[in-house]
Amino acid sequence: MAAPPVKASSTFVSRLREDVVGGLGSVLFTSVLGAALMPRAARRVLLNAAGAQVESGPGTAFSLNGSARNLRIGRGVYFNTRVDIEAVAPVTIGAHTAIGMQVLIMTSHHAIDPDGGWSTVAKGRAVTIGERVWIGGRATILPGARIDDDVVIAAGAVVTGHLQSHGVYAGVPARRIRELARPTPAPGPSEPESVTTQN
C-alpha cells in the first residue's frame, strides 16, 4: 500500500517555521554577537544566557550556527576574527587554546552509502579540541574530529579523525609533520642522603 501524500501546506509551514527560527538565530548569533563594537565579555554573557558554557568571549565577526547549548569554551581561549562554529552536535574547546582567523568548526555530517549516494539528512558528530591547542588561520575542523592537548594545526589544514598530543599537523587531510617537546616533569623531593657513622 502506498504512503499517503504529504500535504504541501504542512511542508510549507514547517519550512517557513524553520527559516524564521534559523533567521532569528543568525541575527542573534552572527550579526549581534559578532558585532565589532560588542566587547568579548558581553559576547560571553550572551552565549551563557543562551545555554552555552563559555568562560572566554569570542572575537569580532564570530558566528554560531546550531544550538548554543552544544558549545563549551574553557578559560583563557583566544579567538581571532571571523571564527565560525556550527554546533549541531557538541563542540568543546579546552582552556588556553588559540584559534586563528576564519577557522571553521563543523559538526553536521551527511552519510554516504556504498553506492555513492549521500543522505539529505545531516547527523551531528561532536568535535573536541583539547587544552593549549593552536589552530592556524583558515583551518577547517570537520565533524567528529578529536584534538588532544598540546597540538599545533597549520594554517589551511583540514582536520579529520584524532590528532594526538605533542605534534604539529598540516595538510589536507592534516597529517603529523613534526614532534613537539614534551614538558619535563618537575623534579620530586630529593632523597635524603645516607648517613654513615664512624666507630
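Note: the structure precedes this text.
First, a word on scope: everything that follows refers to the structure included in this document. (Residues numbered from 1 in each chain as written. Predicted model: local features only at pLDDT ≥ 70, side-chain atom pairs only at ≥ 80, totals over all residues. Heavy atoms only, no water.)

## Side note on the pairing of strand S5 (residues 84-87)
Thought 1: Bridge analysis of strand S2 (residues 63-66) against S5 gives four bridges, and the strand direction is parallel. Bridge pairing in S5 places Asn 65 opposite Glu 86.
Thought 2: Here S5 pairs with strand S8 (residues 104-105) via two bridges, running parallel. Note that in S8 the partner of Ile 85 across the bridge is Ile 105. (Pairing = 2+ DSSP bridges. Helix = DSSP H or I, 4+ residues; strand = E, 2+ residues; numbered from the N terminus.)

## With respect to the side chain of Asn 70
Thought 1: For Asn 70, the position within the fold is in the loop between S2 and strand S3 (71-73).
Thought 2: A residue is classified by how much of its surface remains accessible, and Asn 70, at 17% relative accessible area, is buried. (Buried < 20%, exposed > 50% of the residue type's maximum accessible area, 1.4 Å probe, protein only.)

## Examining the sheet that holds strand S13 (residues 140-141)
Thought 1: An order of S2-S5-S8-S13-S16 is seen for the five strands of this open sheet, with the pairing classed as parallel. At either end of the open sheet lies a strand with only one pairing partner, and these are S2 and strand S16 (158-159).
Thought 2: Pairing geometry for S13 and S16, over two bridges, is parallel. What sits directly across from Ile 141, in S16, is Val 159.

By themselves, these are just geometric observations and shouldn't be taken as functional.
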